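Fold and contact review
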Amino acid sequence: TINDRTMVPIRAIFEVMGATVNWDNATQTAICTKDNTVVKMTLNSKTEYINDVPYEMDVAPVIVDNRTLAPARYVAEAFGYFVNWDGNTKSVLINKTSIIKDGTKENPYLISTPAQLKYFSHFEY
């Protein structure tokens, strides 16, 4: 977590979403491509480019333990995924459809597709 933003390893997340990830060492930029969408994130820059249109992020990508981390919300939303925060479990929920809480302990979320990525403070698949 940096400035109250959950950071995730961008290669792992983008690849799970079906994107290819290339690294431009000269510019320190991750170039992520899926279908007709190209996302570019540069180390220490709060500007993310989606199909060459700039968008400002809250926190810039950084390298931690040889992994490039970026804010989960911007990584997921770049390819149209929805992001929700579960304060009870301190989890970021990333899904292709929106997630609606139904309020029960047994089923706190209603998800219309089984493909759900769940990330905690320790990254896991």
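Residues numbered from 1 in each chain as written. Predicted model: local features only at pLDDT ≥ 70, side-chain atom pairs only at ≥ 80, totals over all residues. Heavy atoms only, no water.

**Observations regarding the side chain of Thr68**
Of note, Thr68 is situated in strand S8 (residues 67-71). For Thr68, a relative accessible area of 17% gives the class buried. With near-sequence residues (within four places) excluded, Thr68 lies in contact with Val8, Pro9, Ile10, Trp23, Leu43, Pro61, Val62 and Ile63. (Helix = DSSP H or I, 4+ residues; strand = E, 2+ residues; numbered from the N terminus. Buried < 20%, exposed > 50% of the residue type's maximum accessible area, 1.4 Å probe, protein only. Contact = heavy atoms within 4.5 Å.)

**So, the confidence of the model for the protein**
When pLDDT is averaged across the protein, the result is 81; 78% of the residues are at 70 or more. Low pLDDT (under 50) marks residues 104-108, which in the prediction has five contacts with non-local residues, meaning those over four places away or in another chain. Across residues 110-125, where pLDDT falls below 50, the model places 37 contacts with residues more than four positions away in sequence or in other chains. (pLDDT = per-residue confidence, 0-100.)

**Section: the pairing of strand S3 (residues 29-34)**
Strand direction decides the pairing type here: strand S2 (residues 20-24) and S3, joined by five bridges, are antiparallel. Along S3, the bridge assignment pairs Val21 with Cys32. Between S2 and S3, which pair antiparallel in sequence order, lie four residues; one of them, Gln28, sits at a positive phi of approximately 60°. When S3 meets strand S4 (residues 37-42), the two strands line up antiparallel, connected through six bridges. Its bridge partner being in S4, Ile31 is matched across the sheet by Lys40. Hairpin remark: S3 followed by S4, antiparallel, with two residues in the connecting loop; positive phi at Asp35, about 55°. (Pairing = 2+ DSSP bridges.)

**Brief notes about the side chain of Lys34**
Secondary-structure assignment places Lys34 in strand S3. Among buried charged residues, Lys34 stands out as having no salt bridge; its nearest opposite-charge side chain is Asp35, 5.0 Å away. There is a polar contact of 2.8 Å between the side chain of Lys34 and the backbone oxygen of Met17. What Lys34 contacts, discounting residues up to four positions off in sequence, is Met17, Gly18, Ala19, Phe79 and Tyr81. (Lys, Arg positive; Asp, Glu negative; His and termini not counted. Salt bridge = Lys/Arg side-chain N within 4 Å of Asp/Glu carboxyl O. Polar contact = N/O pair within 3.5 Å; in protein donor to acceptor, adjacent residues only side chain to side chain.)

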